[in-house]
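Residues per chain are reported as follows:
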Amino acid sequence: MKLPRVKCPSCPKDVAVGPVAGRPSKGRLWRHDAPDERRVGGVLVSCKESLEIIDMPGPGAQLEIPGVEPEPDEPTSLF
């Protein structure tokens, strides 16, 4: 699955956004290190916006399977 990417609100990186269960229009930023920030000893520091919940870049959409059409009089399930 290819995750959409957005600009992090606090650093200039393009970061992947994963979906949040039960909230189709929201996503969680992937964990990433802040540029030019390091702890003593050279250890990278996570960006303060890592793992924050944000609006997804596109509207939440239901999964569609191409080439599969339901029969007109056959009931369809949501799950």
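Along each chain, residues carry numbers from 1 onward, in the same order as the chain's sequence is written. For this predicted model, a pLDDT threshold of at least 70 governs which residues receive local features, and a threshold of 80 or more governs which side-chain atom pairs are given and counted, while totals over whole chains, interfaces and linings are taken from all residues. Excluded from the side-chain calculation are hydrogens and water; included are all heavy atoms of the structure.

S.K.: Where do I start with the pattern of salt bridges in this structure?
M.R.: Between side chains of opposite charge, pairing is possible as soon as their charged atoms come close. A pair is scored as a salt bridge if a Lys or Arg side-chain nitrogen falls within 4 Å of a carboxyl oxygen belonging to Asp or Glu. This model, assessed by the stated rule, comprises three salt bridges. Put simply, K26 and D55 hold a salt bridge, and the shortest N to O gap is 2.5 Å. You can see K26 sitting in strand β3 (residues 23-29) and its partner D55 sitting in strand β6 (residues 53-55), a full 29 residues away along the chain. Note that R31 and D33 form a salt bridge whose closest N and O atoms lie 3.0 Å from each other. Its relative accessible area of 44% is what places R31 among the partly exposed residues. The buried category is assigned to D33, whose relative accessible area is 17%. Helix numbers and strand numbers start at the N terminus; a helix is a DSSP run of H or I with at least 4 residues, a strand a run of E with at least 2. Buried means the residue's accessible area, taken with a 1.4 Å probe over protein chains only, is under 20% of the maximum for its type, while exposed means over 50%, and partly exposed covers the values in between.

S.K.: Looking at this model, I keep getting lost on the sheet that holds strand β1 (residues 5-7). Mind explaining?
M.R.: Backbone-to-backbone hydrogen bonds join strands into a sheet, with any given pair of strands oriented parallel or antiparallel. What makes two strands pair is DSSP finding at least two bridges between them. Taken in spatial order, the four strands make up an open sheet running β1-β2-β3-β6, and their pairing is antiparallel. Of all the strands in the sheet, just β1 and β6 have a single pairing partner and so form its edges. In this sheet, adjacent strand axes meet at a mean angle of 50° when their direction is disregarded. By the bridge criterion, four bridges tie strand β2 (residues 14-20) to β3 in an arrangement that is antiparallel. Axis lines are fitted to C-alpha atoms, over the contacting stretch for helices. Their N-to-C directions set the angle, which ranges from 0 to 180 degrees.

S.K.: Can you help me understand the nonpolar core in this one?
M.R.: Generally speaking, a soluble globular protein has its nonpolar side chains buried in company with each other. Only buried residues count toward a nonpolar core. Its members are Ala, Val, Leu, Ile, Met, Phe, Trp, Tyr and Cys residues joined through side-chain atoms within 4.5 Å. Residues V6, C8, C11, V15, V17, L29, A34, C47, I54 and M56 constitute the largest nonpolar core, which totals ten residues. By definition in these notes, contact holds between two residues if any of their heavy atoms fall within 4.5 Å. Beyond its immediate chain neighbours, meaning those up to four positions away, V6 contacts K13, D14, V15, V17, L29, I54 and P57.

S.K.: Is there a simple way to explain the pairing of β3 in this structure?
M.R.: Sheet faces and side chains relate simply in a regular strand, where the side chains alternate between the two faces. Here β2 hands over to β3 after two residues, with G22 in that stretch at a positive phi of 80°. Sheet topology note: the β3/β6 ladder contains three bridges and is antiparallel. Bridging from a neighbouring strand, G27 pairs with I54 of β6.

S.K.: I would appreciate a short explanation of unusual backbone geometry in the present structure.
M.R.: Excluding glycine, most residues fall at negative phi; most peptide bonds, likewise, are trans. Positioned with a positive phi, L51 is a non-glycine residue whose angle comes to about 70°. Inspection of the secondary structure puts L51 in the loop between β5 (44-46) and β6. For L51, a relative accessible area of 44% gives the class partly exposed.

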